[in-house]
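Read off the chains here:
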Amino acid sequence: SWIIRIAAAAVGGLAARLIPLFLARRREKIRSRSYDMDLPDFLIHIAMFTEAGLNLRDAVERAAGIGSLERPLYRDLNGIFERIRRGSAKDFLSALEELAVQQKSVPLSNFCVMITQNLRKGSGELGTLFTAQAQIYRNERRRTAAKLAEEAATLLLFPSALVLIALILLLLAPAVMEIFGGI
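Residues numbered from 1 in each chain as written. Predicted model: local features only at pLDDT ≥ 70, side-chain atom pairs only at ≥ 80, totals over all residues. Heavy atoms only, no water.

A.B. asks: For this particular structure, what's the right way to read the packing of aromatic side chains?
C.D. replies: To describe a pair of aromatic rings, you give the distance between the ring centres and the angle between the ring planes. Under the criterion given, the structure shown has three aromatic pairs. A ring pair is formed by F42 and F111, whose centres lie 5.7 Å apart and whose planes are at 75 degrees; its orientation type is edge-to-face. Within this pair, whereas F42 is found in helix α1 (residues 2–51), its partner F111 is found in helix α5 (residues 106–121), the two being separated by 69 residues in sequence. No difference in accessibility class separates F42 from F111, as the two residues are buried. Pairing F111 with F130 gives two aromatic rings, centres 6.0 Å apart and planes at 45 degrees, and the pair type is tilted. Within this pair, whereas F111 is found in helix α5, its partner F130 is found in helix α6 (residues 126–155), the two being separated by 19 residues in sequence. F111 sits in the buried class, given a relative accessible area of 1%. Under the relative-accessibility criterion, F130 is labelled buried at 0%. Among the aromatic side chains, those forming a connected cluster through ring pairs are F42, Y74, F111 and F130. (Phe/Tyr/Trp six-rings, centres within 6.5 Å; stacked < 30°, edge-to-face > 60°. Helix = DSSP H or I, 4+ residues; strand = E, 2+ residues; numbered from the N terminus. Buried < 20%, exposed > 50% of the residue type's maximum accessible area, 1.4 Å probe, protein only.)

A.B. asks: Looking at this model, I keep getting lost on the pattern of salt bridges. Mind explaining?
C.D. replies: Side-chain pairing between opposite charges can occur once the charged atoms of the two side chains come close. Counted under the stated rule, the structure contains nine salt bridges. In this structure, D58 engages R57 in a salt bridge whose closest nitrogen and oxygen atoms are separated by 4.0 Å. Linking E82 and R85 is a salt bridge whose minimum nitrogen-to-oxygen distance equals 3.5 Å. One end of the pair, E82, and the other, R85, are both in helix α3 (residues 72–86), three residues apart, so they sit about a helical turn from each other. On the accessibility criterion, R85 (52% relative accessible area) is exposed. One salt-bridge network, held together by shared partners, links R57, D58, E61, E82 and R85. (Salt bridge = Lys/Arg side-chain N within 4 Å of Asp/Glu carboxyl O.)

Keep in mind that these numbers describe shape and distance, not what the molecule does.
The structure is reproduced here in structure tokens:
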């Protein structure tokens, strides 16, 4: 009896330690995927604003204002501009690089590198660069969506198998009961 209690306590302690880690990792993965899904549209908006004549910082701020604050990318970018207005962030570029390091998102890091290079060296074709980058990320988003659809189909196999087994049992139960002298 005491062995069962110790085993139950060990399993409970292990679950109490691992479940929050699992949930945090899952939340981070969902957040990263959200960044990757939103970035193509965000880049298209920046390209549109820069081609309309806005400077890069204003184009990014305007594009961040268009998106829903429920989405992590737009919420974080609006937070950057709010920190800049309050004076708690040094400048736009350092705050953006800090966000890229914090989020560990490759597309966001590439975006930061592109902006950094533009601010340091300058480029007249910035709208074209953002449009091309958006197309690359849009293709990647399609591949991710196809992969998730395949995973969903695979995950549905187990419940479908359970339903099939239950259906077979329901169909065979009367015959088995009749053979073995049931009702």
